[in-house]
Amino acid sequence: MQRPPRPFGVTLAILASVILFSIFPLIQVGMLAVVQLHFSRVQFEEAELQPMFMGADILGVPEWRIILQAVIAIIFLVIAFFAWRGRPPVMRYVLIASCILLTLYSVVSAVIVQAGQYNQEFGASSIDSVLVSVALGQFGLGILVTLYVIWYLNRGPARAFYRGYYLPMPDGSTDAVGELSHSA
């Protein structure tokens, strides 16, 4: 009996979730690391060779959050690799659960960050509305990708791929290749 092939929708779901939950966060971590490295090397001209922003919080993001974001993104890459392979069969559920949890995590962290940053005494700037729009767009994209992953990985071809075989027809008939056939 031939193993069912990987449906294109499974590849698309995994690719979209990897871009959203691994590539984008790793790009953010990389950009923050480059900014921090740049400012740690900027030095005063007349002073001894000491970094200009030594001990200052340039990024506005705690270091533990940056490390956590990188670790989560790498763990999701490993999950996506095994889900793409289709082995073990439980990876279908692991991928769905990870997408749901990461979407919820991004929503909760965005709400906490937005609530913590809003302070009346400093006022509001024009960049605040842009950042809110970007956060809403990222939230919407996360919801759409998660819904697509849930929907497609629960379809018959995806279930057959992860199971490793097609289910027999109620009358027990299969065609010559071992795939199910619809007899009229």
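Scroll up to find the structure this text is about.
Here the structure is a predicted model, which is why all the values come from computation and not from measurement.

## Here's the deal with helix H5 (residues 156-163)
Working note: α-helix, 3.6 residues per turn, so residues spaced by three or four point in the same direction. Those residues of H5 lying buried are Ala 158, Ala 160, Phe 161 and Tyr 162. Phi for Gly 164, located one or two positions after H5, is positive at around 100 degrees.

## Examining the nonpolar core
Counting residues in each nonpolar core, the largest one holds 22 residues, and the members touching the most others are Val 10, Ile 14, Phe 76, Leu 95, Val 149, Leu 153 and Tyr 162. Looking at this core, the elements that each hand over two or more residues are helix H1 (8-41), helix H2 (63-85), helix H3 (91-117), helix H4 (126-153) and H5. Looking at this core element by element, the count peaks at six residues for H1. Apart from residues lying up to four places away in sequence, Ile 14 is in contact with Ala 80, Ala 83, Trp 84, Leu 95 and Tyr 162.

## Thoughts on the environment of Phe 161
With respect to the helices and strands, the residue Phe 161 is situated in helix H5. With relative accessibility at 3%, the residue Phe 161 sits in the buried group. Measuring from C-alpha to C-alpha, the distance between Phe 161 and Arg 87 comes to 9.5 Å, with 74 residues separating the pair along the chain. Apart from the residues lying within four places of it in its own chain, the contact partners of Phe 161 are Arg 3, Pro 4, Pro 5, Arg 6, Pro 7, Ala 83, Trp 84, Arg 85 and Gly 86.

## Thoughts on H2
Its 23 residues give H2 an end-to-end C-alpha distance of 34 Å, which sits within 8% of 33 Å, the value for a rise of 1.5 Å per residue. The set of residues buried in H2 consists of Ile 66, Ala 70, Ala 73, Phe 76, Ile 79, Ala 80 and Ala 83. Count one or two residues on from H2 and you reach Gly 86, which has phi positive near 90 degrees.

## So, a nonpolar patch on the surface
Among the surface-exposed residues, Leu 15, Ile 19, Ile 23, Phe 24, Ile 27, Met 31 and Leu 141 lie close enough to one another that they form a single nonpolar patch of about 620 Å² accessible area. Among the elements that line the nonpolar patch, the one with the most residues is H1, at six residues. Take Ile 23: it is sitting in helix H1.

## Digging into the environment of Arg 159
Among the structural elements, Arg 159 can be located in helix H5. Judged by relative accessible area, Arg 159 falls into the partly exposed class, the value being 36%. Separated by 73 residues in sequence, Arg 159 and Gly 86 place their C-alpha atoms 9.9 Å apart.

## Some thoughts on unusual backbone geometry
Residue Arg 87 is joined to Pro 88 through a cis peptide bond whose omega torsion reads -15 degrees. Relative to the assigned elements, Pro 88 resides in the loop between H2 and H3.

## Section: the side chain of Ser 22
Within the element layout of this structure, Ser 22 appears in helix H1. For Ser 22, a relative accessible area of 0% corresponds to the buried category. Of note is the side chain of Ser 22, whose polar atom sits 2.8 Å from the backbone oxygen of Ala 73. The residues touching Ser 22, leaving out its near neighbours within four places in the chain, are Ser 17, Ala 73, Phe 76 and Leu 77.

Criteria and thresholds
Per-chain numbering applies: the sequence of each chain, read as written, is numbered from 1 onward. Local features are withheld for residues below a pLDDT of 70 in this predicted model, meaning they are given only at 70 or higher, and side-chain atom pairs are given and counted only at 80 or more; totals for whole chains, interfaces and linings count all residues. Computation of side-chain values covers all heavy atoms of the structure but excludes hydrogens and water. Partly exposed describes any residue whose relative accessible area lies between the buried limit of under 20% and the exposed limit of over 50%, with all areas from a 1.4 Å probe on protein chains only and scaled to the type maximum. For the purposes of this entry, the term helix denotes a DSSP run of H or I that reaches at least four residues, the term strand denotes a run of E that reaches at least two, and both are numbered from the N terminus. Grouping buried Ala, Val, Leu, Ile, Met, Phe, Trp, Tyr and Cys residues that are joined through side-chain atoms within 4.5 Å yields what is termed a nonpolar core. Any pair of residues with heavy atoms lying within 4.5 Å of one another is described as a contacting pair. Multiplying 1.5 Å by the residue count of a helix minus one yields the expected span of that helix. For patch detection, residues must exceed 30% relative accessible area and be free of salt bridges, and they are connected within 9 Å for like charges or within 5 Å for nonpolar side chains (Val, Leu, Ile, Met, Phe, Trp, Tyr). Shrake-Rupley sampling with a 1.4 Å probe provides the accessible areas, and residues are treated as covered by the protein chains on show and by no other component. Here, a salt bridge means any side-chain nitrogen of Lys or Arg that lies within 4 Å of a carboxyl oxygen of Asp or Glu. Pairs of N or O atoms are called polar contacts if they sit within 3.5 Å, as long as, within protein, a hydrogen donor faces a hydrogen acceptor (for residues adjacent in sequence, only side-chain-to-side-chain pairs).

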